[in-house]
Amino acid sequence: MRATMLYGAGDVRVEEVPDPTLREPTDALVRVLRSCICGSDLWPYGSMPATEQGRRIGHEFLGVIEDIGSDVSGLAVGDLVVAPFVWADNTCDFCAQGLQTSCRHGGQWGVPGVDGGQGEAVRVPQAQGTLVKLPVAEDSALLSSLLTLSDVFCTGHHAAVTAGVGPRTTVTVIGDGAVGLSAVLAAKRLGAERILLMGRHKDRTDLGREFGATDVVAERGAEGVERVRELTGGDGTHTVLECVGTRQAIEMSIAAVRDGGVIGRVGAPQYTEAPMDFGTVMRNITLTGGVAPARAYIEELMPDILDGTIEPGRVFDRTVSLDEVPDGYRAMAGREALKVLIRP
Ligand SMILES: [Zn+2]
């Protein structure tokens, strides 16, 4: 079969790789119907040292079960399923706590011995715990929105949930990428009435307004924070959802949150130090968030997609074939595309 390989910064290739087969009785084989490129894929795409052997990439996909191990129950060949961006048994103590990202028997996609999602098929370890059945047909118009349950919409939701967003909280979302826009949609879904979106790409912030943002702040840094404070009577917002991952973004989060407020951080951090000084202690700020246990949220969020209440798949603004995946990376890295959908 063919799959996407990353050989180094800027070097993505689609190549012939061995066909996946069942290895453990807990595995399933999934033929990929939809996959996509994640903002977090752009970090290795921008910086990975060149390698001879390359590595598999991609961690968001949905597809059809083609073969299934003897220990997998509740799923069958022919089922249409979505996979969260880590695999997990969904039974251990961490999973029971809703922290499938810390599963004792789980792991990541695209690491040695495990397929990546940006290919024609994937061997899914711990299939029973990992995969969630989708009650739609292969040609459903909902597939792109259902694919966001794999990562991006669940990640935005996680930022909002960990920050405690609800009807009485004001929200600042930092970042107008696909995660930031998902966080806006999630905050709106959880009842937030005031949602300030910080971003400077008009086409993206326009979608953010449609997702529920009440105000857009195009300024960045100290100027952006000042604008947030102006819009909130000088105090900042109860919650800040940090969806970028840079040091500037976490500094802006700390500056824009109201005293006693909560920062839900889901941007993949590209920094190792952040200001946690005496001044921040005096303000009683909570820093939370982290990697989203998407598996814990899928069943809760899916009905709103199935009945059309939300359309998180609108973050996809370009579709490519498997052959065109390298162009998809270039388009996302060059900010020409917000999020790229792959149809193998
Ligand atoms: Zn587990």
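Refer to the structure presented above.
Not measured: the values here are computed from a predicted model.

Draft legend 1. Up close: the sheet that holds strand β15 (residues 257-265). With respect to topology, 6 strands assemble into an open sheet ordered β13-β12-β11-β14-β15-β16, the strand pairing being parallel. Since the sheet does not close on itself, it has two edges, and those belong to β13 (215-217) and β16 (286-289), each with one partner. Geometrically, the sheet is characterised by an average inter-axis angle of 20° between neighbouring strands, direction not taken into account. Summarising the sheet, β15 and β16 pair through 4 bridges and their orientation is parallel. Counterpart to G264 in the pairing with β16 is T288. Against the sheet, helix α6 (residues 178-189) makes contact with β11 (170-174), β12 (194-198) and β14 (237-242), and its axis sits at roughly 165° relative to β11, the strand it touches most.

Draft legend 2. Here's a closer look at α6. A rise of 1.5 Å per residue sets the reference length of α6, with its 12 residues, at 16 Å; its end C-alpha atoms lie 16 Å apart and thus fit the reference within 8%. The buried fraction of α6 amounts to 11 of the 12 residues, a majority that puts the element mostly inside the structure. Those residues of α6 that fall on the buried side of the exposure criterion are A178, V179, G180, L181, S182, A183, V184, L185, A186, A187 and R189. Residues of α6 that are buried in the fold lie against α5 (152-162), β11, β12, α7 (202-211), β14 and α11 (294-306). Positioned one or two residues after α6, G191 has a phi angle of 105°, which is positive.

Draft legend 3. Geometry of the pairing of strand β6 (residues 80-83). Going residue by residue along β6, you find L80 and V82 tucked away on one face and V81 and A83 tucked away on the opposite face as well. One ladder, built from 4 bridges, connects strand β5 (residues 61-68) with β6; its direction is antiparallel. Counterpart to F61 in the pairing with β6 is A83. Here β6 pairs with strand β10 (residues 132-133) via 2 bridges, running antiparallel. Within β10, the residue paired with V82 across the bridge is V132.

Draft legend 4. Examining unusual backbone geometry more closely. Backbone geometry places N90, a non-glycine residue, at a positive phi of 60°. Within the fold, N90 resides in the loop between β7 (86-87) and α2 (93-96). We classify N90 as buried; it has 21 C-beta atoms within 10 Å. One non-glycine residue, R335, lies in the positive phi region at around 60°.

Draft legend 5. View of the sheet that holds strand β1 (residues 2-8). What the 3 strands build is an open sheet, ordered β2-β1-β4; its pairing is antiparallel. Here the strands that pair on one side only, and so sit at the sheet edges, are β2 (11-16) and β4 (55-56). Seen against the sheet, helix α12 (residues 325-333) touches β1 and β2 and runs at an angle of roughly 160° to β2.

Scoring rules and cut-offs
Residues numbered from 1 in each chain as written. Predicted model: local features only at pLDDT ≥ 70, side-chain atom pairs only at ≥ 80, totals over all residues. Pairing = 2+ DSSP bridges. Helix = DSSP H or I, 4+ residues; strand = E, 2+ residues; numbered from the N terminus. Axes fitted to C-alpha atoms, helices over the stretch in contact; angles between N-to-C directions. Contact = placed C-beta atoms within 7 Å. Expected span 1.5 Å × (residues − 1). Buried ≥ 20, exposed ≤ 12 C-beta atoms within 10 Å, placed from the backbone.

The values reported here are purely geometric and, on their own, carry no functional implication.
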